[in-house]
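Inside the fold
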Amino acid sequence: MAAQVTSSEFPVRISVTTFNVWGNNHWPERAMPLTQTLQSMRSDVYLLQEVTPAIIEYLDKNLCNYKHVEDKRIGWSTESNIYWNDELFELVDYGTGDMDITNYPNRCMFWVRLAVRANPSYKVFFSTAHFPWAGDDYEVETGMNQRIPAALKICEHFRRLVLPQECAIFGGDINDDFHPIRILSEEVGLMDVFESLDLPPPITHPVRPSDPREEMRPNRTLDWILCSLPAQCRVIGAFAKTVRGGSLVPISDHLPVMAWFEIRQ
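Because the structure is a prediction, the values reported are computed rather than measured.

Attention now moves to the overall build of the protein chain. Each helix and strand in the protein chain was counted, giving 8 helices and 12 strands. Taking 265 residues into account, the globule formula puts the C-alpha radius of gyration at 18 Å, and the protein chain, at 17 Å, falls close to it. Expressed along its principal axes, the backbone C-alpha trace of the protein chain runs to roughly 50 × 40 × 40 Å. Counting across all 265 residues of the protein chain, residues that qualify as buried make up 53%. Counting only contacts in the protein chain whose residues sit at least 6 apart along the sequence, the fraction spanning at least 24 positions is 71%. Carbon and sulfur atoms form 51% of the exposed surface of the protein chain, whose accessible area is close to 12,000 Å². Averaging the coordinates of the 24 positive side-chain charges in the protein chain and doing the same for the 35 negative ones gives two points 4 Å apart.

Encoded structure:
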């Protein structure tokens, strides 16, 4: 449930969801169940990957009290975007950081810095990215793991952008379960939210039932929320959301991952 803040008192609890919304696949058949899923989660911040102009237009009409980055750079409408609860947060600044992915020039680290409306002096840094799949043509041809240099680029941007003692939350479709997580932890201190709770990370791909091309994939953890928190802040919960009963047309081939944070001054 979205945090309700009516005073300047702390702590504040916020919820964050990362979700690969699957681009043009089975759109617009997925439109209503996708919106219903997001509305049922009522996250304070959504970190979305594989957005399209049609998905953004639909969410703008059907997600109440949310805002997102509106920018002419094409990646904000064709790769990733960030939605936030406008009753809880106000936008301070935003931007992108290149990831230098050969076949996906518009995939970047997309970020926003949001101020807590109850106390605008307290700001939180949110960011998202979509790492290339191991089956991408370039990787198949060269044998080069593109997620390793992509993770190193994310680290560069974190060093440049995140302020000392700032609450920083990163979520995305990392398309890997080892090297990027290791690099982000070792280089800039980002910790998986499940690790911080002493829990195993859940399977997030593929959603079943799904397309036959996805059904043949092994179960893996590809979607992650990582964070770097001041000592007075903490992760208080996390899960991967499944849809009760399944669907003939899956909402996405990825499960959304949601985490709750308690932030203190």
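Now that the structure has been shown, the text picks up again.
Right, let's talk about the environment of Val 69 for a bit. Mapped onto the fold, Val 69 is located in the loop between strand S3 (66–68) and helix H3 (75–78). Residue Val 69 is classed as buried on the basis of its relative accessible area of 3%. The sequence separation of Val 69 and Tyr 94 amounts to 25 residues, and the corresponding C-alpha distance is 7.7 Å.

For the rest of this paragraph, the subject is the sheet that holds strand S9 (residues 191–192). Ordered in space as S5-S6-S7-S8-S10-S9, the 6 strands form an open sheet in which the pairing is mixed. Two strands bound the open sheet, and with one partner strand each, they are strand S5 (89–98) and S9. Of the pairings in the sheet, the one linking S5 to strand S6 (residues 108–116) comprises 9 bridges and is antiparallel in character. Within the sheet, the bridge partner assigned to Glu 90 lies in S6 and is Ala 115.

Thresholds, definitions, all that
- Residues numbered from 1 in each chain as written.
- Predicted model: local features only at pLDDT ≥ 70, side-chain atom pairs only at ≥ 80, totals over all residues.
- Heavy atoms only, no water.
- Helix = DSSP H or I, 4+ residues; strand = E, 2+ residues; numbered from the N terminus.
- Rg over C-alpha atoms; globule rule 2.2 N^0.38 Å.
- Buried < 20%, exposed > 50% of the residue type's maximum accessible area, 1.4 Å probe, protein only.
- Contact = heavy atoms within 4.5 Å.
- Areas by Shrake-Rupley, 256 points an atom, 1.4 Å probe, with all protein chains shown as cover.
- Lys, Arg positive; Asp, Glu negative; His and termini not counted.
- Charge placed at Lys NZ, Arg CZ, Asp CG, Glu CD.
- Pairing = 2+ DSSP bridges.

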